[in-house]
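Each chain, letter by letter, is given below.
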Amino acid sequence: DDYIVDDSPSIYKIDLDSSSIETILSNYLLILLIINFFTLGCENQKNITDDQVIDIVREFFDAFDIENENRKENLSNLVTDDFILCELGKFYKLDEFLEFVDPLLSSTISTKWTLSDHKVTIDNNIAHSFHNNSGIFTDVYENGVKTNTHYKWLESALVVNDKGTLRLKYYQSENIYTKVDTVQ
């Protein structure tokens, strides 16, 4: 049998001048920086903070305010396509909820909400907030009577990262207190 024997050394010596070494090291560092940038950039997009969760809930109520002329559009921008709201023991899609509350708000001239005591839990691209909501609705009725209705709710919000944008996916509200004061 014929065998081929390779007697060449297994380590090769490469002669590089200092400018070649600098070029190789520069390229190596550039590649590391690019990898680091994309890795950290992607990771930062996934992280949700407590403040972001609280902000999206506050934005929801700002958009819902009776004085907001673009209420439906602004709310639509803050919720997922499959958003569900649980209010008064019933489940509503956003359009259904607005159809339900709009007639109830026909005499309302002012709404004010105070959100407090947020307990936020975050896991990757999803977050949950449990919080208190106190509201005052001022109404003027056809007979001229003006009232302030004071509400307190226990609320829960599920926030998701929807293609890089935080949106509400689920909102639950439980009324725990109502008091009506006649103003005039």
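Below is a short write-up of the structure. What you see is a predicted model; the values in this text were computed from it and never measured. (Residues numbered from 1 in each chain as written. Predicted model: local features only at pLDDT ≥ 70, side-chain atom pairs only at ≥ 80, totals over all residues. Heavy atoms only, no water.)

**Thoughts on the overall build of the chain**
Helix and strand counts for the chain come out as four helices and six strands. Reading the chain from its N terminus to its C terminus gives the helix and strand order α-α-α-β-β-α-β-β-β-β. In the chain, which comprises 184 residues, the share counted as buried stands at 30%. Of all intrachain contacts in the chain linking residues separated by at least 6 positions in sequence, the fraction that spans at least 24 positions is 56%. Working note: accessible area of the chain is about 12900 Å², and carbon and sulfur atoms make up 53% of it. (Helix = DSSP H or I, 4+ residues; strand = E, 2+ residues; numbered from the N terminus. Buried < 20%, exposed > 50% of the residue type's maximum accessible area, 1.4 Å probe, protein only. Contact = heavy atoms within 4.5 Å. Areas by Shrake-Rupley, 256 points an atom, 1.4 Å probe, with all protein chains shown as cover.)

**So, the sheet that holds strand S1 (residues 79-87)**
Strands sit in the order S2-S1-S6-S5-S4-S3 across an open sheet of six strands; the sheet is mixed. The open sheet has two free edges, formed respectively by strand S2 (90-92) and strand S3 (108-123), since each of these has just one partner strand. The average angle at which neighbouring strand axes cross in this sheet is 20°, direction not considered. Pairing analysis gives five bridges linking S1 to strand S6 (residues 165-182), with the strands arranged parallel. Directly across from Ile84, in S6, lies its bridge partner Tyr170. Sitting on the sheet, helix H2 (residues 50-64) is in contact with S1, S3, strand S4 (126-140), strand S5 (146-162) and S6, with an inclination near 160° to S3. Of the strands in this sheet, S1, S2 and S3 are in contact with helix H4 (residues 94-104), which crosses S2 at around 115°. (Pairing = 2+ DSSP bridges. Axes fitted to C-alpha atoms, helices over the stretch in contact; angles between N-to-C directions.)

**Brief notes about H2**
The end-to-end C-alpha separation of H2 is 22 Å, in line with the 21 Å expected for 15 residues at 1.5 Å each. All of the buried residues in H2 are Val53, Ile54, Ile56, Val57, Phe60, Phe61, Ala63 and Phe64. (Expected span 1.5 Å × (residues − 1).)

**Regarding the nonpolar core**
If you look at the biggest cluster of nonpolar residues, it comprises 30 residues, and the most contacted ones within it are Val57, Phe60, Phe64, Phe83, Leu168 and Tyr171. Broken down by secondary-structure element, the contributors of at least two residues to this core are H2, S1, H4, S3, S4, S5 and S6. For this core, the leading source of residues is H2, giving seven residues. Here Phe60 is in contact with Leu75, Leu78, Val79, Phe83, Leu85 and Leu168, once residues within four sequence places are set aside. (Core = buried A, V, L, I, M, F, W, Y, C linked by side-chain atoms within 4.5 Å.)

**Notes on unusual backbone geometry**
For Asp117, which is not glycine, the phi dihedral falls at a positive 55°. One can find Asp117 in strand S3. Looking at Asp117, the relative accessible area reads 48%, which means it is partly exposed. With phi around 55°, Asn124 is a residue other than glycine that occupies positive phi space. With respect to the helices and strands, the residue Asn124 is situated in the loop between S3 and S4.

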